[in-house]
Amino acid sequence: MKRDFLHITDFTTDEVWEVLNLSKEIKAKLKNGEEFTPFKGKTLAMIFAKPSARTRVSFETGFFKLGGHALFLGPNDIGIGKRESVSDIAEVMSRFNEMIMARLFDHQHIIELAENASVPVVNGLTDFNHPCQIMADIFTVLEYRKSLDNLKVTYIGDGNNIVHSWLMLAMRIPFHFSVACPEGFEPDQELVKKVQSQGLSTIEILHDPYLAVKDSDVVYTDVWASMGQKEEANQRRKLFSKFQVNDELMNSTGRNTYFMHCLPAERGIEVTDSVCDAPYSIIFDQAENRMHAQNAIMLSLMS
Ligand code: CP
Ligand code: NVA
C-alpha cells in the first residue's frame, strides 16, 4: 500500500528514527560528492497554493540531486480546489508522477489529495501543520546535541502549524515541549490534550516567555502572522509585543541554548537581528537540513 507523509504521526517512532538516520547518510553522501540517484527517471509534482522559498528550493534541488526531476506548479498553474477539484488533480497527477508534494491552505485538502492519489503525497505545509520542517528541525537538534535525551524545546509566539508539528513529534519522541503564547493564541486544544494524555512527552502551555524558556536547550519562534493571516499582522504586533525573542530572553534560560526559526523571519518583530545572527543561532542549518530530511522522507515513502 502506498504511504503518505501528512503528519509526523504518520510514521512510527522507529520510522522517525529511520528517517533521522537516513537524513544523516544522504547528507554525507551529497557532501562527499557520491553518486546516489534513487530517483532516476522519476518525477515529483510540487503543488503550491501559498508562497515559498525553502520548501520549493529544497524539494526541487533535493529531488534533482537524487537523480529525479521536480515540477513546480504555482498558485496560478493548477488552481487546486478552484479551477479543478482536489480529487481530480490527485488522479491526474498520479498518472504522470511518482510522488506529489503540496503546500495548501486547508488541511482537509491535503487529506483529500492523499486519499485520491495513487502515489505518495508529502505535506509541504498547511494551515494546520508543517511536518517536513519539524523533521528537519529535530535532525538539526540531533546534529548539534548528538542526542535527544533530556531535551527541552521552548516555542515562543503563535500556537500555529509549526507548534502542531512539534506536538505531533512529541507523540513519537519523548522531550519536554514548552510553549509561551499570548492568551487566545494557544495551539489546538484537542491536539494538546491528546499529546498530554499519551504521556510520552511533557507539554506545557504558558503565557510567560521567561518562565517557559528556563533550562531550555532550544528556543524556537516563528512569525506572529502566518500565510493567510497577514491582514492581522498589525493587530498581532501589539498583542504579541512581550513575546519577542531578544537577547534578554535568550540570556535568561540559565544554560547554553540554541536559537531556531523555521524562516522566513520578520527580523525586528518576533526576533531581533542580534539573536538571529548570534553564534548560538542555528537557523541556516535548519534551512539546509530541509533538503536532507525531505530526501530521506521521500526515499522512505518510495521504498
Ligand atoms: N520554512 C519554510 O517552509 O519556508 P518557506 O515558506 O520559504 O518554504
Ligand atoms: N507559520 C508560518 C510558517 C512558514 C514556514 C506560516 O504558515 O506562514
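Scroll up for the structure.
Engineer: How do you make sense of helix H2 (residues 54-65) when you look at a structure like this?
Structural biologist: For the α-helix, the turn length of 3.6 residues means that residues three or four positions removed from each other point alike. If you check H2, its first and last C-alpha atoms are 16 Å apart, about what 12 residues at 1.5 Å a residue would give, namely 16 Å. Burial in H2 covers these residues: Thr-55, Ser-58, Phe-59, Gly-62 and Phe-63. In a view along the axis of H2, the buried residues occupy a sector of 115°, so they form one face of it. If you follow the buried residues of H2, they end up packed against strand S1 (43-48), strand S2 (69-73), strand S3 (99-103), strand S4 (121-123), helix H5 (131-145) and helix H12 (283-302). Positive phi appears at Gly-67, one or two residues downstream of H2, with a value of about 100°.

Engineer: What am I meant to see in the pairing of strand S8 (residues 218-221) here?
Structural biologist: Within a regular beta strand, the side chains point alternately toward one face of the sheet and then the other, so they alternate between its two faces. Where burial is concerned, the two faces of S8 agree: the one with Val-218 and Tyr-220 and the one with Val-219 and Thr-221 are both buried. For strand S5 (residues 152-156) and S8, the ladder comprises four bridges, and the chain directions are parallel. Of the residues in S8, the one forming a bridge with Val-153 is Val-218. Here S8 pairs with strand S9 (residues 258-261) via four bridges, running parallel.

Engineer: Help me out: how do you make sense of the site of ligand 2 in this one?
Structural biologist: Contacts to ligand 2 come from Leu-125, His-130, Asn-160, Asn-161, Asp-222, Ser-226, Met-227 and Leu-263. The contact in question runs from a nitrogen atom of ligand 2 to an N or O atom on the side chain of Asp-222, over 2.6 Å. Between ligand 2 and Ser-226, the relevant distance is 2.7 Å, taken from a nitrogen atom to a side-chain nitrogen or oxygen of the residue. Burial of ligand 2 by the protein amounts to 96% of the accessible area it has alone, namely 270 Å².

Engineer: Would you mind going over the site of ligand 1 with me for this structure?
Structural biologist: In the neighbourhood of ligand 1, the contacting residues comprise Ser-52, Ala-53, Arg-54, Thr-55, Arg-103, His-130, Gln-133, Cys-262, Leu-263 and Arg-290. Residue Thr-55 places a side-chain N or O atom 2.7 Å away from an oxygen atom belonging to ligand 1. The separation between a nitrogen atom of ligand 1 and a polar main-chain atom of Cys-262 is 2.9 Å. Protein burial of ligand 1: of its 250 Å² of free accessible surface, 96% is covered by the chains. Residue classes in the shell around ligand 1 are distributed as three nonpolar, four polar and three charged.

Engineer: It is not clear to me how the sheet that holds S1 should be interpreted in this structure. Could you clarify?
Structural biologist: In a beta sheet, neighbouring strands are held together by backbone hydrogen bonds and run either parallel or antiparallel to one another. Overall, parallel pairing links the four strands, which are arranged S2-S1-S3-S4 in an open sheet. This sheet does not close on itself; its edge strands, each paired only once, are S2 and S4. Averaged over all neighbouring strand pairs, the angle between strand axes comes to 20°, with direction disregarded. The pairing of S1 with S2 spans five bridges and is classified as parallel.

Engineer: I tried to follow the environment of Phe-39 on my own but got confused; where do I start?
Structural biologist: Position of Phe-39 relative to the elements: it lies in the loop between helix H1 (13-31) and S1. Residue class for Phe-39 comes out buried when judged on its relative accessible area of 0%. Along the chain, Phe-39 and Gln-235 lie 196 residues apart, while their C-alpha atoms are 46 Å from each other.

Engineer: Got a minute to help me understand unusual backbone geometry in this structure?
Structural biologist: Comment: phi is negative for the bulk of residues other than glycine, and the bulk of peptide bonds are trans. With omega at 5°, the peptide bond leading from Leu-263 into Pro-264 counts as cis. Mapped onto the secondary structure, Pro-264 falls in the loop between S9 and helix H11 (273-276). Residues other than glycine seldom take positive phi values, yet Leu-125 does so here, at roughly 115°. As for its placement among the helices and strands, Leu-125 is situated in the loop between S4 and H5.

Engineer: Teacher, can you tell me more about the packing of H2 against H12 here?
Structural biologist: In a packed pair of helices, the relevant descriptors are the angle between the two axes and the axis-to-axis distance. Where H2 meets H12, the axes come as close as 9 Å, and the angle between the chain directions of the two elements is 55°. Classified by the angle between their axes, H2 and H12 sit oblique to one another. Relative to H12, the crossing made by H2 is right-handed. Of H12, the residues touching H2 (which contributes Arg-54, Thr-55, Ser-58, Phe-59, Thr-61, Gly-62, Phe-63 and Lys-65) are Ala-287, Arg-290, Met-291, Gln-294, Asn-295, Met-298 and Met-302. Here the residues of the contact of H2 with H12 are counted per class, giving six nonpolar, six polar and three charged.

Calculation rules
- Residues numbered from 1 in each chain as written.
- Chains lettered and ligands numbered in written order.
- Predicted model: local features only at pLDDT ≥ 70, side-chain atom pairs only at ≥ 80, totals over all residues.
- Heavy atoms only, no water.
- Helix = DSSP H or I, 4+ residues; strand = E, 2+ residues; numbered from the N terminus.
- Expected span 1.5 Å × (residues − 1).
- Buried < 20%, exposed > 50% of the residue type's maximum accessible area, 1.4 Å probe, protein only.
- Arc of directions from axis to C-beta.
- Contact = heavy atoms within 4.5 Å.
- Pairing = 2+ DSSP bridges.
- Near = heavy atom within 4 Å.
- Polar contact = N/O pair within 3.5 Å; in protein donor to acceptor, adjacent residues only side chain to side chain.
- Areas by Shrake-Rupley, 256 points an atom, 1.4 Å probe, with all protein chains shown as cover.
- Nonpolar A, V, L, I, M, F, W, Y, C, P; charged D, E, K, R; others polar.
- Axes fitted to C-alpha atoms, helices over the stretch in contact; angles between N-to-C directions.
- Parallel < 35°, antiparallel > 145°, perpendicular 65-115°, else oblique.
- Left-handed = near helix turned anticlockwise from the far one by under 90°.

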